[in-house]
Amino acid sequence: MSDALHGEYDDAALYDAENDWGPDDDFYRALALRTGGPVLDLACGTGRLARAMAADGLGVVGVDLADTMVARARLLDPHGSVAWHVGDAARFDLGQRFRLIMMTAHAFQHLIGAAAQAALFDCVARHLAPDGRFAFETRNPGRQDYSDGAAFKFWRRFTAPLRGPVEVWAASAFDGASQVDRVTLVRRFADGTERWSTAQLQFTDATTLDARMAAAGLECERRYGDFGGEAFGPDSPEIVTVARLAQ
Ligand SMILES: C[S@@+](CC[C@H](N)C(=O)[O-])C[C@H]1O[C@@H](n2cnc3c(N)ncnc32)[C@H](O)[C@@H]1O
């Protein structure tokens, strides 16, 4: 597993209990129906979206760094509707080109530093069909509030099968120079036990994203500020990018 992640994706069943289908999944699934397959879901996790796209009749390949997540993706896909691979989004060679490559649920923010992003964009460009699209999102750094991040704050609550209600608390240490947020998460279970994990999240503004994509031969075709299709602006919560090979 990456140095930037400790324990966050070790319990894939718990991840699924915490992360339901959302408006972002609707956005990417609709985009896939417009582009057609084959589709590559990079950092596919346990495959919630990849399985849905396969059920839509699209050819889908899923790649994720965490063998725990890929093992559960395979378990939940007994008929092998998706081709699953353990691999690094910044260092893969599938020998195939795709009409759509996607990286969802802020997985892009797990790539820490300019070199990792450059490697990702290079890999993506090599795997795009001539008319292909690359779609991903990252939280808008302009909208983040880092004041008092070091104190643990309640983030959300969910229910895990067999374990009951779980509270998620998070503390963050944001480094302004690197724009990296080091997040510590604690999941508190009803029986009093706790599960600790850490994750680093890279924040990147839209101008920097565009420059790094251009260096890999990619250009932004459309940019949204949320998953409802609002145009991107300085106050948008998200930077949702649909890119293509530079024309
Ligand atoms: C927030 S989860 C998103 C998973 C999935 N896209 C979803 O919507 O549920 C982030 C995923 O990124 C994966 N990941 C982190 N760094 C990665 C990398 N360098 N290459 C591939 N996957 C990576 C993690 O293992 C994890 O499954």
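Everything discussed here concerns the structure shown above.
First things first, this report covers the structure right here in the doc.

Reading the values: the criteria
Residues numbered from 1 in each chain as written. Predicted model: local features only at pLDDT ≥ 70, side-chain atom pairs only at ≥ 80, totals over all residues. Heavy atoms only, no water. Helix = DSSP H or I, 4+ residues; strand = E, 2+ residues; numbered from the N terminus. Contact = heavy atoms within 4.5 Å. Pairing = 2+ DSSP bridges. Axes fitted to C-alpha atoms, helices over the stretch in contact; angles between N-to-C directions. Near = heavy atom within 4 Å. Polar contact = N/O pair within 3.5 Å; in protein donor to acceptor, adjacent residues only side chain to side chain. Areas by Shrake-Rupley, 256 points an atom, 1.4 Å probe, with all protein chains shown as cover.

**A short note on the environment of Ala54**
And step 1. Note that Ala54 resides in helix 3 (residues 48-55).
And step 2. Residues Ala54 and Tyr224, 170 residues apart in the sequence, show an inter-C-alpha distance of 25 Å.
And step 3. The contact partners of Ala54, leaving out residues within four places of it in the chain, are Val60, Ser81 and Val82.

**So, the pairing of strand 8 (residues 164-175)**
And step 1. By the bridge criterion, seven bridges tie strand 7 (residues 153-160) to strand 8 in an arrangement that is antiparallel. From the neighbouring strand, Phe158 faces strand 8, where its bridge partner is Val166.
And step 2. Counting the residues in the hairpin turn of strand 7 and strand 8 gives three residues, including Leu162, whose phi is positive at 75°.
And step 3. Here strand 8 runs beside strand 9 (residues 180-189); their pairing, made up of 10 bridges, is antiparallel. Within the sheet, the bridge partner assigned to Trp169 lies in strand 9 and is Val186.
And step 4. Linkage of strand 8 to strand 9, two consecutive antiparallel strands, is achieved through a turn of four residues, within which Gln179 is found at a positive phi near 60°.

**Considerations on the sheet that holds strand 4 (residues 82-86)**
And step 1. Read across the open sheet, the seven strands follow the order 4-3-2-5-6-12-11; overall the sheet is mixed. Two strands bound the open sheet, and with one partner strand each, they are strand 4 and strand 11 (218-224). Across the sheet, the mean angle separating the axes of adjacent strands is 20° when strand polarity is ignored.
And step 2. With six bridges connecting them, strand 11 and strand 12 (residues 238-245) associate as antiparallel partners. Bridged to Leu218 within strand 12 is Leu245.
And step 3. Lying on the sheet, helix 3 is in contact with strand 2 (39-42), strand 3 (60-64), strand 4 and strand 5 (98-103); it crosses strand 4 at an angle near 155°.
And step 4. Against the sheet, helix 4 (residues 67-75) contacts strand 3 and strand 4, and its axis sits at roughly 160° relative to strand 4.

**Description of the site of the ligand**
And step 1. The environment of the ligand is made up of 20 residues, and the closest members are Tyr15, Ala43, Arg48, Asp64 and Ala89.
And step 2. At 3.2 Å from a nitrogen atom of the ligand is found a main-chain nitrogen or oxygen belonging to Leu65.
And step 3. For the ligand, whose unbound accessible area comes to 600 Å², protein coverage reaches 95%.

**Some words on the sheet that holds strand 10 (residues 194-202)**
And step 1. Ordered by their spatial adjacency, five strands build an open sheet running 1-10-9-8-7, and the pairing between neighbours is antiparallel. Looking at strand neighbours, the two that pair on one side only are strand 1 (5-6) and strand 7, the edges of this open sheet.

Scope: geometric values only; no functional claims are made or implied.
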